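What the coordinates show
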Amino acid sequence: MMLARPVALAFGLLAGIATSQVPEFAQQYRQRLGGAIDALQTVMLQAAEDAQRSGLDVDGAIARLKASGDQLVAAQGRSLEEIGDRLANMRAEREAYLQSDEFGRLLVFLTSADPELVARTYDDFEPAVPVTAEGILAGILGLFAGLGALRVSSTFLRGLWKVFGPRRSAAR
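Residues numbered from 1 in each chain as written. Predicted model: local features only at pLDDT ≥ 70, side-chain atom pairs only at ≥ 80, totals over all residues. Heavy atoms only, no water.

Taking an unreviewed UniProt entry as the reference, the protein is identified by name as DUF2937 family protein belonging to Pannonibacter anstelovis.

**Some words on the pattern of salt bridges**
In total, this model carries six salt bridges according to the counting rule given. The partner of glutamate 116 in a salt bridge is arginine 86, and the shortest N-O contact between them spans 3.9 Å. In this pair, glutamate 116 is assigned in helix α5 (residues 115-124) and arginine 86 in helix α3 (residues 71-98), connecting sequence segments 30 residues apart. When the shortest N-O distance is used, the salt bridge between arginine 120 and glutamate 116 registers 3.4 Å. (Salt bridge = Lys/Arg side-chain N within 4 Å of Asp/Glu carboxyl O. Helix = DSSP H or I, 4+ residues; strand = E, 2+ residues; numbered from the N terminus.)

**Remarks on the layout of surface pockets**
Space inside the largest pocket adds up to approximately 560 Å³. Lining of the largest pocket is provided by 13 residues; of these, Ala4, Ala8, Leu150, Ser154 and Arg158 occupy positions nearest its centre. Considered class by class, the residues forming the lining of the largest pocket number eight nonpolar, two polar and three charged. (1 Å grid on protein atoms, 1.4 Å probe; cavity = no way out; pocket = protein on both sides within 12 Å on 5 of 7 lines; lining within 4 Å. Points joined across faces, edges and corners; volume = space filled by probe spheres on them. Nonpolar A, V, L, I, M, F, W, Y, C, P; charged D, E, K, R; others polar.)

**A closer look at a nonpolar patch on the surface**
On the surface, a cluster of nonpolar side chains totalling about 530 Å² of accessible area is made up of Phe156, Leu157, Leu160, Val163 and Phe164. Topologically, valine 163 is positioned in helix α6 (residues 133-164). Given a relative accessible area of 43%, valine 163 falls into the partly exposed group. (Patch = residues over 30% accessible without salt bridge, like charges linked within 9 Å, V, L, I, M, F, W, Y side chains within 5 Å. Areas by Shrake-Rupley, 256 points an atom, 1.4 Å probe, with all protein chains shown as cover. Buried < 20%, exposed > 50% of the residue type's maximum accessible area, 1.4 Å probe, protein only.)

Structural data, given as structure tokens:
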């Protein structure tokens, strides 16, 4: 059992390091969110200009596109509507970030993040040393959560071993 404490400490440290990256990941996600909003705004601005040249607003143009008998045109209308909805959701999410403190931003991220944007952020994620209060706290919480999880699982496994492990002979 001399090895148990160092292994537990190493496990806890790894859990702490991993969870300390959550705020950094969320920060990189927020940067990507801003870029996505800019890109979608450009698409919607172009749609608004095209609609205005035809004497319509964006909603009217989308309705006309969706009602078209041409499948391609109708699909474009549905796509444009989805882009508008996604842009509105992203703007609301960004506003929630702006209204939150540093720990509140983590909660907004964990409850409101756009799944597609999270996946693309993960693809490009670069870990960083946690120097913010939220990064340090997340690391400490991860350390204790990791130690606690290890303790619970080892207690569970010891219990299983007592019940199902090799039986000692009483006739020794």
